[in-house]
Every structure is written in structure tokens, then in C-alpha cells.
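Analysis of the macromolecular model
These are the residues of each chain, in order.
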Amino acid sequence: MRNETRGTAELTLAMVLSGTLGIFVVESGASPFEVVFFRCLFGALALGAYSLARGYFTGHGLTPGKLGLAALGGVFIVFNWVFLFEAYEATSISFATVVYHTQPFFLVVFGAVLFRERITAARFGWLGLAFVGLVLVSGIRPGDTASLKGLGFTLAAAVLYALSTIVTKRITGVRPHLVALVQVLVGLPLLLPFADFGAAARLGTGWAWLAGLGLIHTGLMYVLMYAAYQKLPTAKIAVLAFTYPAVAMVADWAVYGHHIGLVQALGVPLIVLASLKVTLSAKGPERPRGRVAAPAPRTAAHAPEAVSPAATRSA
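Because the structure is a prediction, the values reported are computed rather than measured.

Cut-off values and rules
- Residues numbered from 1 in each chain as written.
- Predicted model: local features only at pLDDT ≥ 70, side-chain atom pairs only at ≥ 80, totals over all residues.
- Heavy atoms only, no water.
- Phe/Tyr/Trp six-rings, centres within 6.5 Å; stacked < 30°, edge-to-face > 60°.
- Buried < 20%, exposed > 50% of the residue type's maximum accessible area, 1.4 Å probe, protein only.
- Helix = DSSP H or I, 4+ residues; strand = E, 2+ residues; numbered from the N terminus.
- Salt bridge = Lys/Arg side-chain N within 4 Å of Asp/Glu carboxyl O.

1. Points about the packing of aromatic side chains
Summed over all chains, the structure comprises 10 aromatic pairs. Ring centres 6.0 Å apart and planes at 70 degrees place the aromatic pair Tyr50 and Tyr56 in the edge-to-face group. Residue Tyr50 is classed as partly exposed on the basis of its relative accessible area of 24%. Judged by its relative accessible area of 8%, Tyr56 falls in the buried class. Ring centres 6.0 Å apart and planes at 15 degrees place the aromatic pair Tyr222 and Tyr226 in the stacked group. Of this pair, Tyr222 and Tyr226 both sit in helix 11 (residues 206-229), separated by 4 residues, roughly a single helical turn. Neither Tyr222 nor Tyr226 differs from the other in exposure class; each is buried. An aromatic cluster is built from Phe37, Phe38 and Trp207, whose rings are joined through pairwise contacts.

2. Digging into the pattern of salt bridges
Here the structure, examined in full by the defined rule, presents 3 salt bridges. We note a salt bridge from Glu10 to Arg6, for which the minimum N-O separation is 3.3 Å. With Glu10 and Arg6 both in helix 1 (residues 3-19) and 4 residues apart, this pair spans about one turn of that helix. The class for Glu10 is buried, based on a relative accessible area of 11%. Assessed through its relative accessible area of 45%, Arg6 is described here as partly exposed. For Glu10, the salt bridge identified is with Lys231, shortest N-O distance 3.0 Å. Of this pair, Glu10 sits in helix 1 while Lys231 sits in the loop between helix 11 and helix 12 (234-240); the two residues are 221 residues apart in sequence, bridging distant segments of the chain. We note that Glu10, like Lys231, is buried. Each of Arg6, Glu10 and Lys231 takes part in one network of salt bridges that share partners.

What follows is the structure in C-alpha cells.
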């Protein structure tokens, strides 16, 4: 199998898995704080075991400064997950996933505010188009407090993801698996005060869903993504990333019968198109090589300088 073909298969599978994440969150029956805590726990075990087996702890490249940046990025990414999972409860997986993909625009705004990066007329236009799409997708009516609450949670998650990406981009010379491992490890003491172990003990089959979030959606999914990023050009990564919201919307409809309305559906292609254009306009070489910094686990994904951060997002 050719290198790029294999990378396409790996990233497509990773995005399909990412699209099923919401189902695992809802079916676990746990609160968002508990879901994220156990995702971090099982995810740390999976990423730690993989890194150990591959010998990544030897010559890891982590310095106190890089470790601090990874930990700070972890704070942002962990609470990004909490807000996103809260949004699933307040609205639906479909709604939250589409709105969550406004992340690239927050990166543009933060770049302008924090680093005085110039926003070109074209980018400003795409920002405007995305805002129109966001208004349509939100479909909020007067008195619709649930949708308003869900919109707030999702936008908060997108902002935190963007902040995590900005911080993580400054880490170089460290394997992305180790950066992701540090970030999920940070989540354990952060969320420990919020975890209700008495309630968690009564989850029953919910434990299987929680284990799946850590082992599949944090371990396997990130290994597939990081492997794919080294084989694919930025443009293909950007396009394949939209497999995630497409699968999430289909899964939400198939399992829970949730779907967005006609007016809301008109906003989806606007957000997708604008996000794709902003992603592809990012500067950087097409193919990253060697050790690079991890994209925020978006998600997971949860980005290296060589890969547009918006193109590598994942819950």
C-alpha cells in the first residue's frame, strides 16, 4: 500500500472513530466531569503503554519548559472536553459537533490579538460567512434556553481548543504521543475533585463505554491520526477532517433520532466551506517530517507548525 494511500485510510478511520465519540459519552451514563476523568485515566494507560512499547521515553526531548507548555495545553484541552460533553447533554451531538467546528476562526482571532497577525480581507470574509452559518445552525428561538446553553458550552469548548492549539504549537522536538500523554495525565488531578466515585461505581455497562473512550478514542484514534499526519499533505488532512462531523451527524440520527432542521442544515455547508478555506490558507510545508509537536487531542484531537491546527482537530 502506498504511503499516502495508507495515511488516507488511517486518518479516515480515525475521523470515523471520532464521529462516534458522542455515542460513547451519552451511553456511559456518567456526568461530563466523570466522563473526562475516566477518559484521561484510560487514555493515559493506552498512550503510556504504546509509547513505552515504541521506546518513545528514550530521548523524549521534554524539558521543564516544554513540559509546562504541554501541561498548560492539557488544562485547556481537558476543560474543552468537559464543555463539549456538557453541550451534548444540553442540545444534541449533531448540533454541538457542527458548532464546535468554528475552532479555526478563534485561532485566527487569537492570532490577531495575541501575536498581531494580520487578518486578510479574504479571511475576514470567511469569518463573516462562518458567522452566518453559525447563526443558521444555532436555530435559537426566544425562550429556547436549552439551545442557548448548549451553544454557550460548545463555543467555550471551541475557544479552549483554540487556546490549547496555540500553546501546543510552541512545543517542538517532542513526539506528539508524549505531549498527548502529558495532557491526559494533567486531567487526572484537575478533575479528581469533581469525580463522584460513588455514582461511577453504579454505572454497570457504562464502564465499557468509558473504557472505550480512553482506549479507542484517545489511544487508538490518536495513534492513527499521528501516523497519518506524517504521510499526508495538509490539503488532504483538511478535507478528511470533515469526515468527523459527517459521521457524528449520521450516528446521532441513527441512534437517537436527532437531526438538525432545514434552516439549520443551510448553515452547515457555510461553516464547512469557511473552515476549509481558512485551514488551507494557513502557512506551512505540506508534509511534516520527523518529530513534531502534537495537535491538541480534540478530542481529543482533541497541531505542529507544519500541519494546520484546524485541519487536525478531533474531539
